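# Fold and contact review
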Amino acid sequence: MTDAELRRRAAKVVPGGMYGHLNAAIFAPGYPQFFERGEGCRQWDVDGREYIDFMCSWGPVVLGHRHPRVEEAAARQLALGDCLNGPGPVMVELAELLVDTVPSADWAMFSKNGTDATTQALMVARAATGRTKVLMAHGAYHGADPWCTPSLAGTTPNERADLVEFAYNSLESLENAAATVEGEVAAIIVTPFKHDSFEDQELVEPAFARGARALADRLGAALVIDDVRAGFRIDLRGSWEPYGVRPDLTAWSKAMANGYPIAAVTGTDALRGAAQSLYSTGSFWFSAVAMAAAKATIETLRDTGGIATMERAGAQLREGLYAQAKAHGFTVNQTGPVTIPWLSFDGDADLSTALYWSDACLRHGVYLHPWHNWFMSAAHTEEDVARALDGTDQAFAETRAHFG
Ligand SMILES: Cc1ncc(COP(=O)(O)O)c(C=O)c1O
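Not measured: the values here are computed from a predicted model. (Residues numbered from 1 in each chain as written. Predicted model: local features only at pLDDT ≥ 70, side-chain atom pairs only at ≥ 80, totals over all residues. Heavy atoms only, no water.)

Of the volumes computed, that of the largest pocket is approximately 1200 Å³. Along the wall of the largest pocket there are 45 residues; nearest its centre are H21, Y141, G143, A144 and R229. Secondary structure elements with two or more residues in the lining of the largest pocket: α4 (114–129) and β6 (163–166). Sort the elements by how many residues they give to the lining of the largest pocket and α4 lands first, with three residues. Formed jointly, the lining of the largest pocket draws a minimum of three residues from each of two domains, domain 1 (3–65 + 305–403) and domain 2 (68–304). Looking at the second largest pocket, its volume works out to about 250 Å³. Class assignment for the residues of the lining of the second largest pocket results in seven nonpolar, three polar and one charged. (1 Å grid on protein atoms, 1.4 Å probe; cavity = no way out; pocket = protein on both sides within 12 Å on 5 of 7 lines; lining within 4 Å. Points joined across faces, edges and corners; volume = space filled by probe spheres on them. Helix = DSSP H or I, 4+ residues; strand = E, 2+ residues; numbered from the N terminus. Domains from an automatic or database assignment. Nonpolar A, V, L, I, M, F, W, Y, C, P; charged D, E, K, R; others polar.)

What follows is about empty space enclosed by the protein. This model, assessed by the stated rule, comprises one cavity of 30 Å³ or more. There is about 50 Å³ of room inside the largest cavity. Residue lining of the largest cavity: V102, S104, I225, D227, R237, G238, S239, W240, E241, V245, P247 and T250, and that is the complete set.

Moving on: the domain arrangement of the protein. Parsing the protein into structural domains produces domain 1 (3–65 + 305–403) and domain 2 (68–304). Contacts between domain 1 and domain 2 engage 29 residues on the former and 26 residues on the latter. At the boundary of domain 1 with domain 2, total buried surface from both sides reaches about 2200 Å², with 58% on carbon and sulfur atoms. Linking domain 1 to domain 2 there are zero salt bridges. Taken together, domain 1 and domain 2 are joined by 18 residue pairs in polar contact (both at pLDDT 80 or more). Sorting elements by how many residues they give to the side of domain 1 that touches domain 2 places helix α9 (residues 306–327) first, with five residues. Class assignment for the residues of the side of domain 1 that touches domain 2 results in 16 nonpolar, twelve polar and one charged. (Contact = heavy atoms within 4.5 Å. Buried area = accessible area lost by both parts, 1.4 Å probe. Salt bridge = Lys/Arg side-chain N within 4 Å of Asp/Glu carboxyl O. Polar contact = N/O pair within 3.5 Å; in protein donor to acceptor, adjacent residues only side chain to side chain.)

All right, on to helix α6 (residues 206–219) then. Here α6 is 14 residues long and its end C-alpha atoms lie 20 Å apart, about the 20 Å a rise of 1.5 Å per residue gives. Taken as a whole, α6 has its buried residues at F208, A209, G211, A212, R213, L215, A216 and L219. Along its buried surface, α6 packs onto β6, α5 (171–180), β7 (185–190) and β8 (222–226). Trailing α6 by a residue or two, G220 shows a phi angle of about 70 degrees, which is positive. (Expected span 1.5 Å × (residues − 1). Buried < 20%, exposed > 50% of the residue type's maximum accessible area, 1.4 Å probe, protein only.)

The next subject is the environment of Q120. When you line up the elements, Q120 lands in helix α4. Each C-alpha atom of the pair Q120 and A251 lies 8.5 Å from the other, and the pair is 131 residues apart in sequence. Setting aside residues no more than four positions away along its own chain, Q120 makes contact with M109, S111, V265, L278, S280 and W285.

Let us look at the site of the ligand. Residues in close proximity to the ligand include N113, G114, T115, Y141, H142, G143, T191, H195, D226, V228, R229 and K254, which together make up its full environment. Contact distances for the ligand include 2.7 Å between a nitrogen atom and a side-chain N or O atom of D226. Within the side chain of K254, an N or O atom sits 3.3 Å from an oxygen atom of the ligand. The fraction of the free accessible surface of the ligand (390 Å²) that becomes covered by protein chains is 86%. Among the detected pockets, the ligand sits in the largest pocket. Its residues assigned to classes, the shell around the ligand shows two nonpolar, seven polar and three charged. (Near = heavy atom within 4 Å. Areas by Shrake-Rupley, 256 points an atom, 1.4 Å probe, with all protein chains shown as cover. Sits in = over half its atoms within 2 Å of the grid points.)

Along the polypeptide, F345 turns up in strand β12 (residues 343–345). Given the relative accessible area of 6%, F345 is considered buried. The spacing of F345 and T331 is 14 residues in sequence and 6.1 Å in space, taken between C-alpha atoms. The contacts of F345, once residues within four sequence positions are left out, are F330, T331, V332, N333, T353, A354, W357 and F396.

Right, dumping it as structure tokens:
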């Protein structure tokens, strides 16, 4: 079954043929919609085309597709049972591993998706403080529930009424936002760096991170780090740990289980009672296979220095792309951590250059994205990145030839 045939069939039975941000129709024309399989840092689409994968399934695949240690742990658990009358022993083992790994974590609660975790973290903060307001950065993505989805379709104004926005990395803006709702702030929710789509990424200013911590303390509000996208690719202990800033609550998901569906909220002792007071459940939230996969993923990242491996591969990619862009006469910006890279073209407000270049990359076997950050995995070897750079070089050449 080809991609074109599947799209024709999907158009009849799936809204829009595919909904949300994975709808290939919103990327450049050559992007496949349907994929057959993945292995290591490679994916194959249903038409048999092979790509070196720099999206890693939009973040979850951190060790490479079908990593043997993770697959073995998942298979072992599956043979025992996945969805039982209660969690397996692995739930306790995984919570213990998180508490041992993450200094701000005294406990962990599990769910399935990043949105579950960000929503649950805010519920814990509200239950603890008895307040409603949440300070969040303008344009930040925290998930697809009505309170946070970027599209207002299907939402009500009430669902947004408790959000007060501030500008990322501006302590003054954060303090001004807090002042408008004095005494009502339950939480400040913030991503570890600014990774809004369509924009260059921005690392956090350490003074902003420390200021957010101090403000949360002053307000008696919870500092929530949304580590759903960045977690396990910057620092296993939590993405603001290098700055010495510890949150009260952290939302995790994506890279936690190398592609198996799981999310977590971790938090401090002070919030344990509030966490316990929530009605928190989901039919599949306690399935043991994803927990076994999460445990194996975090242990493998820890034991093999997975983040350092990604940093080396990401730095190689970044240096290579800078050199190629310059040689072909393009000025590009590469922003964010090297493990969560992104490239934009200077003066490309309508993204026409990025769309053309990313499409050309695809034709040369490199899967990346024109307006959303990319993800490295620990499976990207020096040879893989070098091979990918051959493809991106040809893509730069074709882009230059196209635009003149
Ligand atoms: C920072 C951040 N928070 C929350 C989410 C929501 O996660 P999910 O799509 O798993 O619900 C995402 C997803 O991309 C994210 O990047």
